[in-house]
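Residue-level listing of the chains:
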Amino acid sequence: MREQLDITARVEINPEDWFWATWRPRNPLARPQPKPFDKKDALLRLEKIFVRSERARQPSTRYFINWQKASISSALSKQEAHFWFTAMTHSLDNTDSGIQALVQSLNNIAFTGNLSVELITSKLIWSGGKNWRSPELVLAIANLCLIDEVISSLVDISLLDSMELFGYSEAQYNLQEFLADHSYNPLISNDLAIRIVAEKIRSAAANTLNNILIPGLHRYVLPYLNDNELRELREKLVPILEKAPQGIALLPSHVYYRDQWLKQLPAYLGMHDEVKAFVESLPNPHSNIQDPLPIIFGLGSAELVETHVRRLKILLTKPVHVRAWLAHTEYRALDWVRDSILKAENKEQAVDLFEILALVKASENALQMLTLIRSSKVPELARQWLEEHPNYTVVGLIPVVAGDSQLASIALEVLRDLKQQGHGELIANAIKHEKVTLARKIQIEVLESEKQQEQYFDEATTPQWLHSQMRSLNKTQLPEWVLLKELPSINIENNKLNDNQIIAVLQALRKSTLDSCHPLIQDIKLHAQRKSLDDFVWRLFELWLNDGGTAKEKWGMTALGLVGSDAVALKLAPLIRKWPGESFHQRAVLGLECLRAIASDTALMLIHSIAEKVKFRALKTKANECMQSIAQERKLTREQLEDRIIPDCGLNEKGTKIFDYGSRQFYFVLGAELKPMVRDANGKRFTNLPKPGKQDDIEKAQQATEDWKLLKKQLSQMLKIQATRLELAMCNRRQWAVTEFELLLVQHPLMSHLVQQLIWGKYNTEGKLINTFRVAEDYTYCDSHDNEILLSKNETVGIVHPIYLSLEEKAAWGQILSDYEIFPAFPQINREIYTLEPGETDKYALTRFEDIYFTYLAGRPGWARSYEGVDNGYLTRTSREFSKAYVRAVIGGEEKGCCFYPTKTASRRLDVNDIGAIRLGDIDPLVISEVIRDLTLLT
């Protein structure tokens, strides 16, 4: 198949890029013959290096300098090398007047090519801090003298002591000019002048080695050397390395290290053992070197390079990094390039990195491009690559279609596009070698799918309501980040919105707010297929995020609140939780507003979860305000609201859901530890739906699979939230009226699963425990002897805390739970009970745990943080309130141990000390037990 489809892998980087992999056999580049020096031509090429910024307005605006624009050859006559060396070391003011002065100056010089190593070294130090110098300077130096002699000369000068360096500078330079840009006057203090001069010379020598000579040697000299020439150069340079200052000295005014070149040069020379020893010593994260990648790329194999880059988690942030990575790994580790593009700081950087990745022509690259379509700042470029390389795309994406990931649907979309572009035969040939199930899926969903054009609305098929709404919209220019080709279709019955209709929807979303929805959006919500609308609005949101997520274009996010469903809410909530930690607090607040606008039970329960668990104070406060506001609107208490917004997650009234494959069905069940499972008609349980078989209906099976994924995602969050709520209800002795208990808990499709795992108590009007019971699968109530009991309407119901049960009662219930294989959502009957130790009753603080790291308590149910500041504030104390006991437990702050404070006037007088803490012996035993239990779990 590979020969037939012509998918021979190629990595089309430049010939010189392969020299990054020093372990490969050398194939030196051919050095051209030097041409006679033509000063006029050189001056014309010199003018090309000055690049004006596109934003420049005034004639005096400075230019950027790019020496590569001069097209300097690697082989120069000595006269031309002299010319370029003089130009690159000239004291240049890179303005219009400065450029004219440079050209005039160079035009008046007679270039002989007779420059000594000493003079070259002196010039390099004089211009050591100039920002226009670049590694291209080595092109001139290497054609004037031996590069190793210049390196040696710079090292020798940097080894001189301060007095010797001062004498050197006096002999070579005018000190006043040499120190003209320095704030100190060397005439005031001779000792100070000596130190300044010495430091400046050492700094200039280090800058030249780090940024000019060693990178230039690697780029413009080494690729032309054969094995013998490289060995001779290495023999000359190793003694220089040995005499150079060892160790790493940080310059006081710079963020990079002076002796970086000492590590880079061995890497460039292929000294694999030395490089390996250094790289293996790098800690994670690395902190003793500015950019370790050039050194790591000097390791002796692709495997070592990949291992250490992944170990150190170093992203490829420059195009040269990607070129070097590909020179080592070719197409075997493209995911690291992809991840670097995904994490690019801006679109410009992402484009630069992508252009190098696009040089890889291999089926392995198709998967990377697919991911970049979905989540990067360059989706249009990734799609273009897939379309321009159909052979690689088809072979690379077919395995993706077989998976259950979100990428599978995008892969199908890309294959359908290729089919429409005339590559159907290519796809048909490719699936001949695949498994029957996969080949059948692609045959049906790609090759036999209707033509795209026939599925779009046209003038005749467009509904009247859509015609009317579109006429009411004025066409406006959409922002550049809205890439129409990257937006999935919106389906209405058997048709799709065409491009003009999609643009109208986008314009309507742009005109809408969370409080005021455009009529077209209201109609779209009413008529569109739910999943297609969710996919559309989420992709729009991703494009907005990839463009930077600006507040000016926030409609790209508010669209989630306007048309999103539970599936959107579940994907949005995790982002809201992390955004404040990434300095996106306002974005997180807008996310909360979107959840509130979605307004489903799932969305509101997610707001509740954020209010309870998120660690950022400002966001937590905002979420609590949101919940309180909703409760007031509905005239409910906070607890009553939380009972009423529990989503059913699509379960039927019996608390189950059927997943239909056509020839067979599977049923939702809840396994141990709240794990969602399915069972077949024979009762066999599975952790996931099985793959469709030959007898199954593919379309039904696909829909069942999508429903199962959504259900699992919903349940993974909802069950944890509700289990925590019920555990806190037990500890706070919350009680429900019988009617509320049966309507909101027993008969609720989701909560019934949790309710049946717990032991409940019924209480009389005075709040006294009368009996305990469990809820059976048929919704009857049974006591510990499995006898049915009835509930009276004037009684209340609560989850029994084991502190109120005798040993005999706990043993009886333990046996019942074991017999019926019931696994409670949290410890109840077997829950640990703790009491005060002798001598603690008359104390006012529980001090036996005073040495624990109390901040971890904030992760336990019911405990809350207290901050100073807004987000990421300093944690001062952690507390937990027991509302029915009128007590708040507090640990942290200035007081030692855990103290308990009254929350309101209690029914009896409490003994408190001078800071208001309650005597431990007066505190409810349940409170004492729960607090000690939480503290014990931490230790």
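Residues numbered from 1 in each chain as written. Predicted model: local features only at pLDDT ≥ 70, side-chain atom pairs only at ≥ 80, totals over all residues. Heavy atoms only, no water.

(A) Summary view of the packing of helix α29 (residues 555–563) against helix α31 (residues 585–598). For the pair α29 and α31, the least separation of the axes is 6 Å and the interaxial angle reads 25°. Between α29 and α31, the angle falls in the class roughly parallel. Crossing of α29 over α31 shows right-handed handedness. Here α29 contributes M557, T558, L560 and G561 to the contact with α31, which in turn contributes R587, L590, G591, C594, A597 and I598. (Axes fitted to C-alpha atoms, helices over the stretch in contact; angles between N-to-C directions. Helix = DSSP H or I, 4+ residues; strand = E, 2+ residues; numbered from the N terminus. Parallel < 35°, antiparallel > 145°, perpendicular 65-115°, else oblique. Left-handed = near helix turned anticlockwise from the far one by under 90°. Contact = heavy atoms within 4.5 Å.)

(B) Geometry of the nonpolar core. Among the nonpolar cores identified, the biggest contains 139 residues, and L46, W84, I141, L213, W261 and W325 are the most heavily contacted of them. Residues L506, A573, L606 and V678 belong to the second largest nonpolar core, which totals 109 residues. (Core = buried A, V, L, I, M, F, W, Y, C linked by side-chain atoms within 4.5 Å. Buried < 20%, exposed > 50% of the residue type's maximum accessible area, 1.4 Å probe, protein only.)

(C) Expanded view of the domain arrangement of the chain. Taken domain by domain, the chain holds domain 1 (313–447), domain 2 (454–542), domain 3 (565–645), domain 4 (657–718), domain 5 (733–820) and domain 6 (845–937). Just the C-alpha atoms count here: the centres of domain 4 and domain 5 sit 31 Å apart. Across the contact, five residues belong to domain 4 and four residues belong to domain 5. Summed over both partners, the interface of domain 4 with domain 5 buries about 360 Å², with 80% contributed by carbon and sulfur atoms. Of all residues in domain 4, the largest losses of buried area upon contact with domain 5 belong to F668, L670 and L674, amounting jointly to 67% of the total for that side. Where domain 4 meets domain 5, there are zero salt bridges. (Domains from an automatic or database assignment. Buried area = accessible area lost by both parts, 1.4 Å probe. Salt bridge = Lys/Arg side-chain N within 4 Å of Asp/Glu carboxyl O.)

(D) The packing of aromatic side chains, seen in detail. Overall, the coordinates contain 19 aromatic pairs when judged by the stated rule. The interplanar angle of 80° and the centroid separation of 5.3 Å between the aromatic rings of F83 and F111 together place this pair among those described as edge-to-face. Linking F83 in helix α3 (residues 78–88) with F111 in the loop between α4 (96–107) and α5 (117–126), this pair joins segments that are 28 residues apart in sequence. Residue classification places F83 among the buried positions, given a relative accessible area of 0%. Plain terms: the ring middles of W538 and F541 are 4.9 Å apart, the flat faces sit at 50° to each other, and that makes the pair tilted. On the criterion of helical spacing, the pair formed by W538 and F541 is a turn pair, its members being three residues apart in helix α28 (residues 530–546). Side by side, W538 and F541 carry an identical accessibility label, which is buried. An aromatic cluster of at least three residues, connected via ring pairs, comprises F37, W67, F83, W84 and F111. It is R31 that lies over the ring of Y224; its NZ or CZ is 4.6 Å from the centre. Positioned above the aromatic ring of W579, the side-chain terminus of R587 is 5.5 Å from the ring centre. (Phe/Tyr/Trp six-rings, centres within 6.5 Å; stacked < 30°, edge-to-face > 60°. Lys NZ or Arg CZ within 6 Å of the ring centre and 35° of its normal.)

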